[in-house]
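Remarks on the overall topology
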Amino acid sequence: MTKLHLNEIDINRIQTIIRQIQENPDLSDKLAKSIWKSRVLWTGNFHTTAFSRELNPIEIDQVDWLTGDNRGFSPQELLLASLGSSVAIVFVTNATALGVTLEMLEIEIEGELDIPSGLGIYNGFPGYNNISITIEVKSNAPVEVLEMIQEKTIKLSPVANTLESPVQIATNLKIIK
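Keep in mind that what you see is a predicted model, and the values were worked out from it rather than measured. (Residues numbered from 1 in each chain as written. Predicted model: local features only at pLDDT ≥ 70, side-chain atom pairs only at ≥ 80, totals over all residues. Heavy atoms only, no water.)

1. Considerations on the nonpolar core
The biggest cluster of nonpolar side chains holds eight residues, and these are Phe91, Val92, Ala95, Val100, Leu102, Ala141, Leu146 and Ile149. Broken down by secondary-structure element, the contributors of at least two residues to this core are helix 3 (75-97) and helix 5 (143-156). Sorting elements by how many residues they give to this core places helix 3 first, with three residues. In this structure valine 100 touches Leu6, Asn7, Ala95, Ser139, Ala141, Val145, Leu146 and Ile149, once residues within four positions along its chain are discounted. Core analysis: the next-biggest nonpolar cluster, separate from the first, contains seven residues, Ile107, Ile109, Tyr128 and Ala160 among them. (Core = buried A, V, L, I, M, F, W, Y, C linked by side-chain atoms within 4.5 Å. Buried < 20%, exposed > 50% of the residue type's maximum accessible area, 1.4 Å probe, protein only. Helix = DSSP H or I, 4+ residues; strand = E, 2+ residues; numbered from the N terminus. Contact = heavy atoms within 4.5 Å.)

Laid out in structure tokens, this is it:
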């Protein structure tokens, strides 16, 4: 089988994965409830290290003006970066599925946080109050097609959907003595 690539994606591989999911209800059910994991270790001050799969760890820290050491993304920046990466991946996936060649894609994300509420000074919402996404794309595709890809991307982005929908967060405390 000849390898077909568009936007550096192996089209045959994607089509095979989609076909396997469509033809195998058990696999589809399993993937509809797939578990993703990460582990975070505090290493001092506001510095943490995040681990996932067998990948290199990610260093996370608070910005220096919030008494961090500025040694990595802040958790807030990492959330925005996760959203941007999810949007980029879903955009490329949808463009590729439609046969649209992308020459360049950049996602810019900006959000507004209430820092005083996050510090417990005020009784407000400590999370992002709003997030804006700008998708900059270079392609020969018609504007209408790129706009349709953008709309579909936001609807299908797992991270965007998680942020827009109420999510139950369960916490457990394990005390080590």
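2. Some words on the packing of helix 3 against helix 5
The geometry of helix 3 relative to helix 5 is characterised by a closest axis approach of 9 Å and an angle of 130° between their N-to-C directions. Relative to helix 5, the element helix 3 is oriented oblique. Here helix 3 and helix 5 pass one another in a crossing that is right-handed. For the pair helix 3 and helix 5, the contacting residues are Val87, Val90, Phe91, Asn94 and Ala95 in the first and Leu146, Ile149, Gln150, Lys152, Thr153, Ile154 and Leu156 in the second. (Axes fitted to C-alpha atoms, helices over the stretch in contact; angles between N-to-C directions. Parallel < 35°, antiparallel > 145°, perpendicular 65-115°, else oblique. Left-handed = near helix turned anticlockwise from the far one by under 90°.)

3. Describing a negative patch on the surface
Side chains of Glu106, Glu108, Glu110 and Glu136 sit close together on the surface and give a patch of like negative charge. No other element matches the three residues that strand 6 (residues 102-113) contributes to the negative patch. Under the relative-accessibility criterion, glutamate 136 is labelled partly exposed at 45%. (Patch = residues over 30% accessible without salt bridge, like charges linked within 9 Å, V, L, I, M, F, W, Y side chains within 5 Å. Areas by Shrake-Rupley, 256 points an atom, 1.4 Å probe, with all protein chains shown as cover. Salt bridge = Lys/Arg side-chain N within 4 Å of Asp/Glu carboxyl O. Lys, Arg positive; Asp, Glu negative; His and termini not counted. Charge placed at Lys NZ, Arg CZ, Asp CG, Glu CD.)

4. Thoughts on helix 1 (residues 11-23)
Helix length check: helix 1, at 13 residues, gives a terminal C-alpha distance of 18 Å against a target of 18 Å (1.5 Å per residue), a fit within 8%. Between a side-chain oxygen at the N-terminus of helix 1 and the backbone nitrogen of asparagine 12 the separation is 3.1 Å; the capping residue is aspartate 10. (Expected span 1.5 Å × (residues − 1). Polar contact = N/O pair within 3.5 Å; in protein donor to acceptor, adjacent residues only side chain to side chain.)

5. Quick word on the pattern of salt bridges
Throughout the structure, instances matching the rule amount to two salt bridges. The shortest N-O distance in the salt bridge between glutamate 103 and lysine 138 comes to 3.7 Å. Of this pair, glutamate 103 sits in strand 6 while lysine 138 sits in strand 7 (residues 128-139), placing them 35 residues apart in sequence. What makes lysine 138 partly exposed here is its relative accessible area of 47%. Note that lysine 155 is salt-bridged to glutamate 151, the shortest N-O span being 3.3 Å. Of this pair, lysine 155 and glutamate 151 both sit in helix 5, separated by four residues, roughly a single helical turn.

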